[in-house]
Amino acid sequence: MEAGAAREDDGTRTKKKVLFLCTHNSARSQMAEGLLRDLYGERYEARSAGVEATAVHPHAVSVMEEIGIDISGQRSKAASELDDIVFDVAVTVCDRAKQACPICSTDVDLPSRLPKARKVVHRSFEDPAAVTGSEEEELRAFRRVRDEIKAWIVETFR
């Protein structure tokens, strides 16, 4: 991934826009949005959306809070809500979102009700919300996925 901010015609630096896409925009994409904003917010503008909007999973909020990142103010959004934005990169973070493509168009000049991105990347992470068990087992799954997403973001966007 090309790091850093883009330059406008007048020489000012602008943040690169990154969209994280998932099926319900409840956990993985929400955590990725919060992580990119926290780690590299000076260079990237992070957003997230889903094939369909639901709600931000409470365990996602909880495990992000454990590492000092507050995503409690984020809300689940359908991809169609971001149809007027051209992103530099869109990342599908689950296989179902990738299969539901085109939920993001790479033809930035074509009128569309979908978000547009100059580049689409797929990096699937296990769905922590699909893990069933005790609350501690569920939280362990969310922590593991959070840490995997963080490691990938550090490697990809630094």
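Everything that follows concerns the structure shown earlier in this document.
Worth saying up front: this structure is predicted, and the values here are computed from it rather than measured.

## Focus on the sheet that holds strand S5 (residues 86-92)
Next, step 1: The strand order across the open sheet formed by four strands is S4-S3-S5-S6, and the pairing between neighbours is parallel. Unpaired on one side and paired on the other, strand S4 (44-50) and strand S6 (116-122) mark the two borders of the sheet. In this sheet, neighbouring strand axes are inclined to one another by 25° on average, regardless of whether the strands run parallel or antiparallel.
Next, step 2: Sheet topology note: the strand S3 (residues 16-22)/S5 ladder contains four bridges and is parallel. Among the inter-strand pairings, Leu19 is bridged to a residue of S5, identified as Ala90.

## A word on the pairing of S3
Next, step 1: Here S3 lies mainly inside the structure; six of its seven residues are buried.
Next, step 2: Taking the sense of rotation as the criterion, the β-α-β connection linking S3, helix H1 (residues 28-40) and S4 turns out right-handed.

## Points about the packing of helix H2 (residues 58-66) against helix H4 (residues 135-157)
Next, step 1: Direction vectors running N to C along H2 and H4 enclose 65°, while the axes themselves pass 9 Å from each other. As H2 packs across H4, the resulting crossing turns out to be right-handed. Seen from H2, the contacting residues are His59, Ala60, Ser62, Val63, Met64 and Glu66; seen from H4, they are Glu135, Glu138, Leu139, Phe142, Arg143 and Arg146.
Next, step 2: Residues of the contact of H2 with H4, tallied by class, amount to five nonpolar, two polar and five charged.

## Remarks on the packing of H1 against H2
Next, step 1: Their axes nearest at 10 Å, the elements H1 and H2 cross at an angle of 25°. Between H1 and H2, the angle falls in the class roughly parallel. Note that H1 runs across H2; the crossing there is right-handed. In this structure, H1 uses Met31, Gly34 and Leu35 to contact H2, whose residues at the interface are Ala60, Val63 and Met64.
Next, step 2: Here the contact of H1 with H2 is built from residues that sort into five nonpolar, one polar and no charged.

## As for the pattern of salt bridges
Next, step 1: Taken as a whole and assessed by the stated rule, the structure comprises eleven salt bridges.
Next, step 2: Between Arg143 and Glu66 there is a salt bridge, with the nearest N and O atoms lying 2.8 Å from each other. In this pair, Arg143 sits in helix H4 while Glu66 sits in helix H2, placing the two residues 77 residues apart along the sequence.
Next, step 3: Under the relative-accessibility criterion, Glu66 is labelled partly exposed at 42%.
Next, step 4: Because the salt bridges share partners, they merge into one network encompassing Glu66, Glu136, Arg143, Arg146 and Asp147.

What counts and what doesn't
- Residues numbered from 1 in each chain as written.
- Predicted model: local features only at pLDDT ≥ 70, side-chain atom pairs only at ≥ 80, totals over all residues.
- Heavy atoms only, no water.
- Pairing = 2+ DSSP bridges.
- Helix = DSSP H or I, 4+ residues; strand = E, 2+ residues; numbered from the N terminus.
- Axes fitted to C-alpha atoms, helices over the stretch in contact; angles between N-to-C directions.
- Buried < 20%, exposed > 50% of the residue type's maximum accessible area, 1.4 Å probe, protein only.
- Right-handed = clockwise from strand over helix to strand, strands pointing away.
- Left-handed = near helix turned anticlockwise from the far one by under 90°.
- Contact = heavy atoms within 4.5 Å.
- Nonpolar A, V, L, I, M, F, W, Y, C, P; charged D, E, K, R; others polar.
- Parallel < 35°, antiparallel > 145°, perpendicular 65-115°, else oblique.
- Salt bridge = Lys/Arg side-chain N within 4 Å of Asp/Glu carboxyl O.

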